[in-house]
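# Observations on chain architecture
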Amino acid sequence: MKNLVLIIAGIYGTLSVILGAFGAHAFKKIISAEKLLSFEVGVRYLMFAAIVLLILGFCLDFQDFWAKNAARGLIIGSFLFSFSIFLLSFSEKVNIPNKVLGPITPLGGLLMILGWLALIIHFIKQR
């Protein structure tokens, strides 16, 4: 699990830099300023996830239920949250209805919150 968390941290970090660069340059001509702001939120949260997962990958051994589920919640939640925002930012261009993507964003946010809560419980149990 440790290696998987570190690999995903690297993937999320790489994608956030690439997508951030596209958002700062190429996407300005394609999507509205409002959609671009939303896109940047997705990029920011993906980078936050990358940094946190990198730290967790180096600091935790993932031997207990709470540590494993903290990582899972952050990995899956960040993916759903950020990538649904990316798709919503381009929903007019790629013809994806917002009512299909809309519920995915808060589900991703909920999973991130649950990941953070699992991390808190892990730390409490380690005392």
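Residues numbered from 1 in each chain as written. Predicted model: local features only at pLDDT ≥ 70, side-chain atom pairs only at ≥ 80, totals over all residues. Heavy atoms only, no water.

### Considerations on the overall build of the chain
Note the cut-off: Per the convention used, a helix needs a DSSP run of H or I reaching at least four residues, while a strand needs a run of E reaching at least two, with both numbered from the N terminus. Partly exposed describes any residue whose relative accessible area lies between the buried limit of under 20% and the exposed limit of over 50%, with all areas from a 1.4 Å probe on protein chains only and scaled to the type maximum. Contacts are assigned to residue pairs with any non-hydrogen atoms lying within 4.5 Å of each other. In this description, accessible areas are obtained by the Shrake-Rupley approach with a 1.4 Å probe, and a residue is regarded as covered only by the protein chains that are shown.
When you go through the chain residue by residue, the secondary structure sums to 6 helices and 0 strands. The buried share of the chain, reckoned over its 127 residues, is 40%. Partitioning the intrachain contacts of the chain with sequence separation of at least 6 by distance along the chain shows that 79% fall at a separation of at least 24. For the chain, the accessible surface area stands at approximately 7400 Å², while carbon and sulfur atoms represent 71% of it.

### Regarding the nonpolar core
To keep things clear, this is the line we draw: Throughout this description, the term nonpolar core refers to a set of buried Ala, Val, Leu, Ile, Met, Phe, Trp, Tyr and Cys residues connected via side-chain atoms within 4.5 Å.
Counting 27 residues, the largest nonpolar core has Tyr 12, Phe 39, Leu 53, Leu 56 and Phe 62 as the members making the most contacts within it. When residues of this core are traced back to their parent elements, those giving at least two are α1 (2–24), α2 (33–59), α3 (65–89) and α6 (104–126). Ranked by residues supplied to this core, first place goes to α2 with 9 residues. What Tyr 12 contacts, discounting residues up to four positions off in sequence, is Leu 46, Ala 49, Ala 50, Leu 53, Ile 75, Ser 78 and Phe 79.

### Digging into the confidence of the model for the chain
For the record, the criterion: Confidence scores per residue from the predictor, reported as pLDDT, run from 0 to 100.
With 100% of its residues at a pLDDT of 70 or more, the chain has an overall mean of 92. When mean pLDDT is compared element by element in the chain, α6 scores highest at 96, while helix α5 (residues 98–101) scores lowest at 77.

### As for unusual backbone geometry
Backbone geometry at Phe 62 places phi at a positive 55°, although glycine is not the residue there. The residue Phe 62 is located in the loop between α2 and α3 in this model. The class for Phe 62 is buried, based on a relative accessible area of 2%.

### Some words on the packing of aromatic side chains
For clarity, the threshold we go by: A pair of Phe, Tyr and Trp rings is counted when the ring centres sit within 6.5 Å of each other, with Trp represented by its six-membered ring. The angle between the planes then sorts it: under 30 degrees is stacked, over 60 is edge-to-face, the rest tilted.
One pass over the structure, following the stated rule, counts 10 aromatic pairs. An angle of 65° between the planes, with centres 5.8 Å apart, marks the rings of Tyr 45 and Phe 48 as edge-to-face. Here Tyr 45 and its partner Phe 48 are both found in helix α2, 3 residues apart, which amounts to about one turn of the helix. By way of ring pairs, the aromatic residues Phe 22, Phe 27, Phe 39, Phe 79, Phe 83, Phe 86 and Phe 90 are connected into one cluster.

### A word on a nonpolar patch on the surface
Basically, it comes down to this: Patch membership needs two things, relative accessible area over 30% and no salt bridge, and members are linked within 9 Å if like-charged or within 5 Å if nonpolar (Val, Leu, Ile, Met, Phe, Trp, Tyr). Note on definitions: salt bridges are taken to be side-chain nitrogens of Lys or Arg within 4 Å of carboxyl oxygens of Asp or Glu.
A cluster of nonpolar residues, Leu 107, Leu 110, Ile 113, Leu 114, Leu 117, Ile 120 and Ile 124, forms a patch on the protein surface that exposes about 630 Å² of accessible area. Residue placement: Ile 113 occurs in helix α6.

### Quick notes on the packing of α1 against α3
In helix packing, the relevant descriptors are the interaxial angle and the interaxial distance, both defined with respect to the helix axes. Our working rule: Note on definitions: angles span 0 to 180 degrees between N-to-C directions of axes, and those axes are lines fitted to C-alpha atoms, for helices only across the stretch in contact. These descriptions rest on fixed angle ranges, namely under 35 degrees for roughly parallel, over 145 for roughly antiparallel, 65 to 115 for roughly perpendicular, and the rest for oblique. Crossings are classed by handedness, with left-handed meaning an anticlockwise turn of the near helix from the far one by less than a right angle and right-handed meaning a clockwise turn. Classification used: nonpolar for Ala, Val, Leu, Ile, Met, Phe, Trp, Tyr, Cys and Pro, charged for Asp, Glu, Lys and Arg, polar for all others including Gly.
The geometry of α1 relative to α3 is characterised by a closest axis approach of 11 Å and an angle of 20° between their N-to-C directions. In terms of orientation, α1 and α3 fall into the roughly parallel class. Two packed elements cross with a definite hand, and for α1 against α3 that hand is left-handed. When α1 is examined against α3, the residues Val 5, Ile 8, Tyr 12, Leu 15 and Leu 19 are found in contact with a partner set consisting of Ala 71, Ile 75, Ser 78, Phe 79, Phe 83 and Phe 86. Partitioning the contact of α1 with α3 into residue classes produces 10 nonpolar, 1 polar and no charged.

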